Amino acid sequence: MENDKNHIGDLYQKAFSDAGWDDPEDEQDWNAIAFELDKKRFYRFSWTRFNVYYCGFIILLVLLMVFLLARYLMLEENTFKKNNPTHPDSGNVSLIERTEG
Amino acid sequence: MFNETEILKGCRSFDPQAQQQLYKKYVSRMRALCVRYARDREEAKDILQDGFLKIFSQIGQYEATGTLEGWLRRIMVNTAITFYNRNKKHYHESLDELLIEHTKEEGCYIKGPVSEDPELFSEATYTHEELLEALNQLPEGHRIVFNMYHVEDFSHAEIAEALQIEEKTSRSRLFRAKKALQEYLQVIANRTTKISNI
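Residues numbered from 1 in each chain as written. Chains lettered and ligands numbered in written order. Predicted model: local features only at pLDDT ≥ 70, side-chain atom pairs only at ≥ 80, totals over all residues. Heavy atoms only, no water.

### A look at the overall build of chain B
1) Next: Across its full length, chain B carries nine helices and zero strands.
2) Next: Start at the N end of chain B and walk to the C end: the helices and strands fall as α-α-α-α-α-α-α-α-α.
3) Next: Burial statistics for chain B: of 198 residues in total, 50% are counted as buried.
4) Next: Across chain B, every contact between residues at least 6 apart in sequence was considered, and the portion connecting residues at least 24 apart equals 70%.
5) Next: A total accessible area of about 9900 Å² is found for chain B, and carbon and sulfur atoms account for 51% of it. (Helix = DSSP H or I, 4+ residues; strand = E, 2+ residues; numbered from the N terminus. Buried < 20%, exposed > 50% of the residue type's maximum accessible area, 1.4 Å probe, protein only. Contact = heavy atoms within 4.5 Å. Areas by Shrake-Rupley, 256 points an atom, 1.4 Å probe, with all protein chains shown as cover.)

Here you go:
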């Protein structure tokens, strides 16, 4: 380390190396930091906190349930058509036959 | 209230309460550091916020070999240097020189030899605000070198590497910064004496 320190350097080092600087806006500044930290926390993996992975898992579950429900309804419809070939809703009877009666 | 070990443990697991405790414990000292490096209060705020976000993201890398405060200060100084390096594209050192010349013409500089009176450089003579006022008169590149060398104890080689300048540039900026500060402090001391005489 160069040895060219002088009075002025000592003055600033003494005054500022351990100095505090209070600001009434500390709470506001913390809020801005906390908001950013919440965003980071959301993208961080954790078993105990709600985060993007839980969110993704829930969306995946919802999509899976919608898919299974749609598939179930389609199967039901096919079974109904198979079991009732003459029923108007089965699609095997033409419109003319249905109106004639 | 947590102790430092609990705060560290909590911060490593991203616990919001521990993070707030760490912030409350060190914010005033970190702000004092930021205001020395920033051009104004707004920039100091930005450096402080960015610095704390870096601290919370990198706290897992802290090994308890040195003091926690020392590690926090390092991160804050690095954040301030990043801000300086980002902005210096729009700020030429030749402009720094011009500013010094202009300020001299405006009469803020004292003509003649600089006083070496130890009383003039006594801590008791100035408030923190006055010391900061004098520091803020310096061009950005000079101020940052002065802070790094005298308050944070960096060597010229470290300063040169961090600021991407040559070592001799760092030395010359330090020399000019000290000279200018001596003159500004003398102005402030004279002003204070005049006021107290009234």
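### Some points on the packing of helix H2 (residues 26-42) of chain A against helix H2 (residues 16-37) of chain B
1) Next: As a packed pair, H2(A) and H2(B) sit with axes 11 Å apart at the nearest point and diverge in direction by 135°. When the axis of H2(A) is compared with that of H2(B), the two are oblique. Regarding H2(A) and H2(B), the two cross each other, and that crossing is right-handed. Contact residues: A:Asp26, A:Glu27, A:Asp29, A:Trp30, A:Ile33, A:Leu37 and A:Arg41 in H2(A); B:Pro16, B:Gln19, B:Gln20, B:Tyr23, B:Val27 and B:Arg31 in H2(B).
2) Next: Partitioned by chemical class, the residues of the contact of H2(A) with H2(B) number six nonpolar, two polar and five charged. (Axes fitted to C-alpha atoms, helices over the stretch in contact; angles between N-to-C directions. Parallel < 35°, antiparallel > 145°, perpendicular 65-115°, else oblique. Left-handed = near helix turned anticlockwise from the far one by under 90°. Nonpolar A, V, L, I, M, F, W, Y, C, P; charged D, E, K, R; others polar.)

### Re the nonpolar core
1) Next: Within the largest apolar cluster, 70 residues are counted, with the highest numbers of intra-cluster contacts made by A:Tyr12, B:Leu22, B:Phe52, B:Ile55 and B:Leu163.
2) Next: It is H2(B) that provides the largest number of residues to this core, a total of eleven residues. (Core = buried A, V, L, I, M, F, W, Y, C linked by side-chain atoms within 4.5 Å.)

### Focus: empty space enclosed by the protein
Residue and element names in this part refer to chain B.
1) Next: Inspection of every chain in the model, using the stated rule, returns one cavity of 30 Å³ or more.
2) Next: Reported here for the largest cavity is a volume of approximately 30 Å³.
3) Next: Lining the largest cavity are Tyr37, Glu43, Ile47, Ala80, Phe83, Tyr84, Glu140 and Ile144.
4) Next: Elements with a contribution of two residues or more to the lining of the largest cavity: helix H3 (41-58), helix H4 (68-87) and helix H7 (140-151).
5) Next: Sort the elements by how many residues they give to the lining of the largest cavity and H4 lands first, with three residues.
6) Next: Broken down by class, the residue content of the lining of the largest cavity amounts to six nonpolar, no polar and two charged. (1 Å grid on protein atoms, 1.4 Å probe; cavity = no way out; pocket = protein on both sides within 12 Å on 5 of 7 lines; lining within 4 Å. Points joined across faces, edges and corners; volume = space filled by probe spheres on them.)

### Comments concerning the packing of aromatic side chains
1) Next: Under the defined criterion, the tally for this structure stands at ten aromatic pairs over all chains.
2) Next: With centroids separated by 5.4 Å and ring planes inclined at 70°, the aromatic side chains of A:Phe45 and A:Tyr53 adopt a geometry described as edge-to-face.
3) Next: For A:Phe45, a relative accessible area of 47% puts it in the partly exposed group.
4) Next: Between B:Tyr62 and B:Trp71, the aromatic rings sit 5.3 Å apart at their centres with planes inclined by 50°, giving tilted as the arrangement.
5) Next: Judged by relative accessible area, which is 6%, B:Tyr62 ranks as buried. (Phe/Tyr/Trp six-rings, centres within 6.5 Å; stacked < 30°, edge-to-face > 60°.)

### Remarks on the interface of chain B and chain A
1) Next: Contact with chain B, which involves 50 residues of that partner, is made by 35 residues of chain A.
2) Next: Both faces combined, the contact of chain B with chain A buries some 4100 Å², and carbon together with sulfur accounts for 59% of it.
3) Next: On the surface where chain B and chain A come into contact, there are two salt bridges.
4) Next: The salt bridge partner of B:Lys45 is A:Asp29, with a shortest N-O separation of 3.9 Å.
5) Next: Every element with two or more residues in the side of chain B that touches chain A is listed here: H2, H3, helix H6 (128-136), H7 and helix H9 (167-197) of chain B.
6) Next: Broken down by element, the residue count for the side of chain B that touches chain A peaks at eleven residues, all from H2(B).
7) Next: Here the side of chain B that touches chain A is built from residues that sort into 23 nonpolar, twelve polar and 15 charged. (Buried area = accessible area lost by both parts, 1.4 Å probe. Salt bridge = Lys/Arg side-chain N within 4 Å of Asp/Glu carboxyl O.)

### Structural notes on a negative patch on the surface
1) Next: Residues B:Asp40, B:Glu42, B:Asp46 and B:Asp50 make up a contiguous surface patch of negative charge.
2) Next: Mapped onto the secondary structure, B:Asp50 falls in helix H3. (Patch = residues over 30% accessible without salt bridge, like charges linked within 9 Å, V, L, I, M, F, W, Y side chains within 5 Å. Lys, Arg positive; Asp, Glu negative; His and termini not counted. Charge placed at Lys NZ, Arg CZ, Asp CG, Glu CD.)

### Focus: the environment of A:Gln13
1) Next: Positionally, A:Gln13 belongs in helix H1 (residues 7-16).
2) Next: Accessibility expressed as a relative area gives 21% for A:Gln13, which makes it partly exposed.
3) Next: With residues up to four places along the chain from it excluded, the contact list for A:Gln13 reads B:His150, B:Val151 and B:Asp153.

### Brief notes about H1(A)
1) Next: Residues A:Ile8, A:Gly9, A:Leu11, A:Tyr12, A:Ala15 and A:Phe16 constitute the buried set of H1(A). Taken end-on, H1(A) shows its buried residues confined to a sector of 160°, consistent with a single buried face. (Arc of directions from axis to C-beta.)

### Some words on the packing of H2(A) against H3(B)
1) Next: The interhelical angle for the contact between H2(A) and H3(B), taken along N-to-C directions, is 35°, at an axis separation of 10 Å. The two elements H2(A) and H3(B) meet at a crossing, and its hand is right-handed. Across the interface between the two elements, A:Asp29, A:Trp30, A:Ala32, A:Ile33, A:Glu36, A:Leu37 and A:Lys40 of H2(A) pack against B:Lys45, B:Leu48, B:Gln49, B:Phe52, B:Leu53, B:Phe56 and B:Ser57 of H3(B).
2) Next: Of the residues belonging to the contact of H2(A) with H3(B), the class tally is eight nonpolar, two polar and four charged.

No statement about biological role is implied by the geometric values presented.
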